[in-house]
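# Structural features, examined
One letter stands for each residue in the lines below.
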Amino acid sequence: MKIVIIGASFSGVHCALKAKELYPYDEVILIEKEEELGYLPSGLTLLLNKEIASLDEANFISKEQIVQSGIHLMLGICVKSFDFTNQSLSTTDGEVFYDRLVLAMGSSQFSQKLMSEHTGFLTYKKKKEALNALDKLNETDQVAVIGAGQAGMELASVLVHCGKRVTLVESMDYPLYKSFDKEFIEPLVASIKRNDSIETLFGQTVREITDNKTLRLVTQQKEIESEAIFLATNVRPNLAIFEGKLDYHVDQTLKVDHYFETSEPNVFAIGDLIQVPSLLLDQTVYLPLINNAIRSGTICAENLKEKQTEYLGSIRIIGTKVFDYYLASCGLTEADSFLYEGQVATVTINAPFTIAETEPVRVKFTYNQETGVLLGTQIMSKQNILDKINTYALAIDMKMTIKELAQKDYFYHPSYTNPLIDMPQLEQRGL
C-alpha cells in the first residue's frame with residue numbers, strides 16, 4: 001500500500017509517523033510545500049516571550065527524525081492538481097500515485113475582506129511570515145492587532161510586554177468569546193483597560209484597510225494609522241482546489257465520516273481541514289486546535305488499511321496565558337449552551353489557589369440542570385492552573401455529575417492546592 005500525505009503540520013506529521021508504525025513495510029510519502037517542516041504557529045510569540053532564542057528553535061520535529069522513521073519526505077513541493085479517478089496527483093516534482101491519500105494542508109490566517117500588499121500588513125503562522133513580522137516590529141513601536149481570540153490576545157499581550165503600544169480590534173464585544181463567558185473574564189478585561197499601553201476596540205468591525213506610506217485601519221467608529229497591522233483572525237482552510245470534487249460543509253471545511261474518509265473513496269482529510277463530532281452536541285464543530293490535529297492524524301492512520309477506529313469526538317480544550325492571567329476552558333460555555341438540547345445551569349466560585357495564599361482562582365461550571373452532569377469549566381488565575389483543566393475535561397468525557405466529581409479521591413496538601421479548586425465541594429453550595 002502506498003500512502004501519500006499532503007501537509008507536514010501537526011496532523012500530517014503524526015499521521016505519517018503512526019502510519020509507518022502500523023504499516024512498516026508500506027511506502028509512506030509526506031509532501032510539504034514549504035522548505036521546512038514542523039514549524040510551530042506560535043513561534044513568534046514564543047520568541048518575543050524569550051522562551052526560545054530564535055525561530056529556528058520553533059519546531060516540534062526535524063527533517064532528520066522524519067527520514068529516520070522511514071518516511072519519504074518531499075519538501076518544497078507543491079501539488080498542482082488531483083486526479084481522484086486514477087488516484088494520482090500532479091506536483092512541481094512530477095506525478096505521484098497513491099493507494100491512500102491523506103489531505104492535511106492545515107489552515108491559514110487570511111481574510112477575503114481584509115487584504116493589503118503593504119509590507120506592514122502582517123500574518124505570522126508560517127516561519128517566513130514570522131521572520132518578516134519580526135523585522136517590521138524592530139522598526140515600529142505602534143502596532144494594531146485585528147482579532148481578540150486566543151492567537152490575537154497572546155500576540156497583543158507579548159507585544160505590550162515588549163514595550164509596544166497596541167491597538168486591539170475585535171468585532172465581538174469582548175475577547176476570547178469562543179472559550180469564555182463575558183462576565184467570567186471581566187477581571188481580565190478590566191485589567192487590560194487599565195493598561196495605558198493598549199487600546200481596546202471591542203464590538204468594532206474593521207471595514208477596510210488602506211495603505212500609502214502608512215496603513216490606515218478603519219472601523220465604524222475610528223480610524224487608526226499604524227506601520228504594522230497583524231491579522232490574527234480565525235484561521236480557515238483554503239480548499240478552492242477541491243471545488244466540485246469533494247463534499248463541503250457551509251463553512252468550507254471538508255465533509256468526512258467518523259473514520260476521516262471524504263466523499264471520495266481512499267481520500268482522507270484531517271486537522272484544520274475538517275469538522276469533528278462534538279461529545280456534547282448532536283453536531284460536528286470546527287476546532288482548529290493542535291490536540292485535535294494530532295488526534296485526528298493518529299486515528300486516521302489506523303483506518304487507512306481498513307476502517308476500524310471511529311473518532312468519538314471532542315469537547316474543546318484550550319489553555320493560555322495573557323496579560324499575566326492564566327486561563328483555561330473546556331466543554332460548553334454558558335454563551336454557547338443554546339446549542340445544547342437540555343436545560344443548563346451555571347455556578348461561579350472564587351477561592352484561593354492554596355490555603356496559604358489569598359490570590360483567588362476564578363472557576364465557572366456549566367452543567368445539566370436536571371442531571372447535574374458537568375458540561376463545561378472555565379478557570380482564570382494569576383497562578384499557573386492550566387493543568388487543572390485536564391481533570392474537568394476527563395470528568396466531562398466520563399459524563400460525571402458535579403457531586404460525583406466532588407467525591408472522587410485526590411491528593412491533598414495545604415501547601416500544594418486548595419481542594420475547592422482540584423475537586424470542587426459544590427454539594428456544600430446546594431448543588
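Scroll up for the structure.
Quick look at the structure, then. (Residues numbered from 1 in each chain as written. Predicted model: local features only at pLDDT ≥ 70, side-chain atom pairs only at ≥ 80, totals over all residues. Heavy atoms only, no water.)

## Section: the overall build of the chain
Scanning the chain from N- to C-terminus turns up ten helices and 23 strands. In terms of overall dimensions, the chain has C-alpha extents of about 65 × 55 × 40 Å along its principal axes. Residues classed as buried in the chain amount to 54% of the 431 residues present. Within the chain, contacts between residues at least 6 apart in sequence are counted, and of these 61% link residues at least 24 apart. Entry remark: accessible area of the chain is about 20,100 Å², with carbon and sulfur atoms responsible for 47%. (Helix = DSSP H or I, 4+ residues; strand = E, 2+ residues; numbered from the N terminus. Buried < 20%, exposed > 50% of the residue type's maximum accessible area, 1.4 Å probe, protein only. Contact = heavy atoms within 4.5 Å. Areas by Shrake-Rupley, 256 points an atom, 1.4 Å probe, with all protein chains shown as cover.)

## Some details on the pairing of strand 9 (residues 142-146)
Along strand 9, four of the five residues are buried, which leaves the element largely enclosed by surrounding structure. Each parallel crossover has a hand, and for strand 9 linked through helix 5 (residues 150-161) to strand 10 (residues 165-170) it is right-handed. Bridging between strand 9 and strand 15 (residues 228-231) involves four bridges; their strand directions are parallel. Residue pairing in the sheet places Val145 in a bridge with Phe230 of strand 15. (Right-handed = clockwise from strand over helix to strand, strands pointing away. Pairing = 2+ DSSP bridges.)

## Here we look at the nonpolar core
Grouped together as the largest cluster of nonpolar side chains are 99 residues, with contacts concentrated most on Leu89, Leu101, Leu103, Ile185, Leu188 and Phe230. It is helix 5 that provides the largest number of residues to this core, a total of six residues. In this structure, Ile185 is in contact with Tyr174, Pro175, Leu176, Phe180, Leu327 and Met380, ignoring residues within four places of it in sequence. (Core = buried A, V, L, I, M, F, W, Y, C linked by side-chain atoms within 4.5 Å.)

## Some words on the sheet that holds strand 6 (residues 94-97)
On the basis of which strands lie adjacent, the open sheet formed by three strands has the order 4-5-6 and antiparallel pairing. At either end of the open sheet lies a strand with only one pairing partner, and these are strand 4 (79-83) and strand 6. Strand-to-strand twist of the sheet, defined as the mean angle between neighbouring strand axes without regard to direction, takes the value 20°. In terms of strand pairing, strand 4 meets strand 5 (residues 88-91) through four bridges, oriented antiparallel. Note on strand 5: the bridge partner recorded for Ser81 is Ser90. (Axes fitted to C-alpha atoms, helices over the stretch in contact; angles between N-to-C directions.)

## Quick word on helix 4 (residues 127-137)
Every buried residue of helix 4 is listed here: Lys127, Ala130, Ala133, Lys136 and Leu137. Check the buried side of helix 4 and you find it contacts helix 2 (43-48), strand 8 (121-122), strand 9, helix 5 and strand 15.

## A short note on the packing of helix 1 (residues 10-22) against helix 7 (residues 290-302)
As a packed pair, helix 1 and helix 7 sit with axes 7 Å apart at the nearest point and diverge in direction by 30°. Classified by the angle between their axes, helix 1 and helix 7 sit roughly parallel to one another. For the pair helix 1 and helix 7, the crossing hand works out as right-handed. Where helix 1 approaches helix 7, its residues Phe10, Ser11, His14, Cys15, Lys18, Ala19 and Leu22 are matched on the opposing element by Ile290, Ala293, Ile294, Ser296, Gly297, Thr298, Cys300, Ala301 and Glu302. Of the residues contributing to the contact of helix 1 with helix 7, the split by class is nine nonpolar, five polar and two charged. (Parallel < 35°, antiparallel > 145°, perpendicular 65-115°, else oblique. Left-handed = near helix turned anticlockwise from the far one by under 90°. Nonpolar A, V, L, I, M, F, W, Y, C, P; charged D, E, K, R; others polar.)

## Structural notes on the sheet that holds strand 2 (residues 27-32)
Remark on secondary structure: sheet strands pair via backbone hydrogen bonds, oriented parallel or antiparallel. Pairing is parallel across the open sheet formed by five strands, whose spatial order is 3-2-1-7-16. The strands lining the two open edges of the sheet, one partner per strand, are strand 3 (72-75) and strand 16 (267-269). Along the sheet, successive strands turn relative to each other by an average axial angle of 15°, direction set aside. Here strand 1 (residues 2-6) pairs with strand 2 via five bridges, running parallel.

## Looking at the pairing of strand 19 (residues 317-322)
Every second residue of strand 19 is oriented toward a common face, the buried set being Ile318, Thr320 and Val322 and the non-buried set Ile317, Gly319 and Lys321. The pairing of strand 19 with strand 20 (residues 325-331) spans six bridges and is antiparallel. Counted as the bridge partner of Lys321 is Tyr326 from strand 20. Counting the residues between successive antiparallel strands, the hairpin from strand 19 to strand 20 contains two residues, one of them, Phe323, with a positive phi of roughly 50°.

## Let's talk about the side chain of Gln275
With respect to the element layout, Gln275 can be found in the loop between strand 16 and strand 17 (276-277). Overall, the relative accessible area of 13% leaves Gln275 in the buried class. A polar atom in the side chain of Gln275 sits 3.1 Å from the side chain of Asp251. At 2.4 Å, the side chain of Gln275 and the side chain of Thr284 are in polar contact. When residues no more than four places from it in sequence are discounted, the contact partners of Gln275 are His249, Asp251, Thr253, Leu254, Val256, Thr284, Val285 and Tyr286. (Polar contact = N/O pair within 3.5 Å; in protein donor to acceptor, adjacent residues only side chain to side chain.)

## Some details on the packing of aromatic side chains
Across all of its chains, the model carries eight aromatic pairs by this definition. Seen from their ring centres, Phe82 and Phe242 are 4.8 Å apart, and the 50° between their planes marks the pair as tilted. Of this pair, Phe82 sits in strand 4 while Phe242 is found in the loop between strand 15 and strand 16, placing the two residues 160 residues apart along the sequence. Using a relative accessible area of 8% as the deciding quantity, one classes Phe82 as buried. By relative accessible area, which is 0% here, Phe242 ends up buried. Both rings, one in Phe365 and one in Tyr392, keep their centres 5.5 Å apart while their planes meet at 75°; by these two values the pair is edge-to-face. In this pair, Phe365 sits in strand 22 (residues 360-368) while Tyr392 sits in helix 8 (residues 389-397), placing the two residues 27 residues apart along the sequence. Of the residues examined, Phe365 reaches a relative accessible area of 0% and is grouped as buried. For Tyr392, a relative accessible area of 1% puts it in the buried group. Taken together, Phe82, Phe84 and Phe242 form an aromatic cluster joined through their ring pairs. (Phe/Tyr/Trp six-rings, centres within 6.5 Å; stacked < 30°, edge-to-face > 60°.)

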